[in-house]
Amino acid sequence: MLGSLPSVLIVPPSLGVNSVKELVALLKAKPGQLNYATAGVGSAAHICAEKFRMAAAIDAVHVPLKGSPESLTETMGGRTQYTWTPLSTAVGQIKEGRLLALAVSTGKRSPQFPQIPTIAEAGFPKAEFNFWVGMLAPAGTPRDVLNKLNSEIQKALAAPDMKERLANLGNEAMLMSPGEFDAFLKEEYTVLGEVMRASGVKAQ
């Protein structure tokens, strides 16, 4: 496990909403008429969007794109009304006022943008989602090799310059042993599999 990155719910300023509750009210007033962009079917952005859709009981049209840059462009242009994206990809647009951040997906606020509430603080705790990044090895890799890799990776992540670089990207450390990461993955497959099935996405 390398860490987690908060995703952020963003809208174009032209949409005229300033909070998650205002966005939800707008979506409920226009069921099936507004669009949300994601970085593609099954992406972290899609999972965030589906958890939010189910938690808020809203009806909007999914527009899957090739990646986060395209979802930001479409949302800035007003062709889609909102998107979820890793916070690190939208820092510039948020700071410049081209996009408005309504909430982060994680349980804690981002140190980079402490003014942005969490999705739970915004009233939708069931929409919380940690977008994590990890390193995997082929099945059958000897356990002693995995333990050695894990040890060296943790040393690298603890280096002051690396910690600073990752913090600037909004990364939060989630250090785990290989066994803990195995258990975490199994739980994620179960929980996120249920989310994807509920959204109509077939398991791969």
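See the structure above.
Here the structure is a predicted model, which means the values were calculated and not measured.

Comments concerning the overall build of the chain
Inference 1: Regarding its fold elements, the chain presents 7 helices and 7 strands.
Inference 2: Order of helices (α) and strands (β) in the chain, N terminus to C terminus: β-β-α-β-α-β-α-β-α-β-β-α-α-α.
Inference 3: In terms of overall size, the chain behaves like a compact globule, its C-alpha atoms giving a radius of gyration of 18 Å where 204 residues would be expected to give roughly 17 Å.
Inference 4: Principal-axis analysis of the C-alpha atoms places the extent of the chain at approximately 55 × 40 × 30 Å.
Inference 5: Intrachain contacts of the chain at a sequence separation of at least 6 include 71% that bridge at least 24 residues.
Inference 6: Approximately 10,600 Å² of the chain is accessible, and the part contributed by carbon and sulfur atoms is 56%.
Inference 7: Of the side chains in the chain, 20 bear a positive and 18 a negative charge, and the two mean positions are spaced by 3 Å.

A few points about the side chain of Asn150
Inference 1: Topologically, Asn150 is positioned in helix α5 (residues 143-158).
Inference 2: Residue Asn150 is classed as buried on the basis of its relative accessible area, which comes to 16%.
Inference 3: In this structure the side chain of Asn150 is engaged in a polar contact, spanning 2.9 Å, whose partner is the backbone oxygen of Met176.
Inference 4: Those residues within four positions of Asn150 in sequence are excluded, and the remaining contacts are Met176, Ser177 and Pro178.

Focus: helix α7 (residues 178-199)
Inference 1: Along its 22 residues, α7 runs 31 Å from first to last C-alpha, staying within 8% of the 32 Å computed at 1.5 Å per residue.
Inference 2: The inward-facing, buried residues of α7 abut α2 (44-56), β7 (131-133) and α5.

Notes on the pattern of salt bridges
Inference 1: Considering all chains together, one arrives at 7 salt bridges under this definition.
Inference 2: Two residues, Arg79 and Glu74, come together in a salt bridge whose shortest N-O distance is 2.9 Å.
Inference 3: Across the salt bridge formed by Asp182 and Arg143, the nearest N and O atoms sit 3.3 Å from each other. Separated by 39 residues along the polypeptide, Asp182 in helix α7 and Arg143 in helix α5 bring together distant segments of the chain.
Inference 4: On the accessibility criterion, Asp182 (34% relative accessible area) is partly exposed.
Inference 5: Through salt bridges with shared partners, one network takes in Lys148, Glu152 and Lys155.

Rules behind the numbers
- Residues numbered from 1 in each chain as written.
- Predicted model: local features only at pLDDT ≥ 70, side-chain atom pairs only at ≥ 80, totals over all residues.
- Heavy atoms only, no water.
- Helix = DSSP H or I, 4+ residues; strand = E, 2+ residues; numbered from the N terminus.
- Rg over C-alpha atoms; globule rule 2.2 N^0.38 Å.
- Contact = heavy atoms within 4.5 Å.
- Areas by Shrake-Rupley, 256 points an atom, 1.4 Å probe, with all protein chains shown as cover.
- Lys, Arg positive; Asp, Glu negative; His and termini not counted.
- Charge placed at Lys NZ, Arg CZ, Asp CG, Glu CD.
- Buried < 20%, exposed > 50% of the residue type's maximum accessible area, 1.4 Å probe, protein only.
- Polar contact = N/O pair within 3.5 Å; in protein donor to acceptor, adjacent residues only side chain to side chain.
- Expected span 1.5 Å × (residues − 1).
- Salt bridge = Lys/Arg side-chain N within 4 Å of Asp/Glu carboxyl O.

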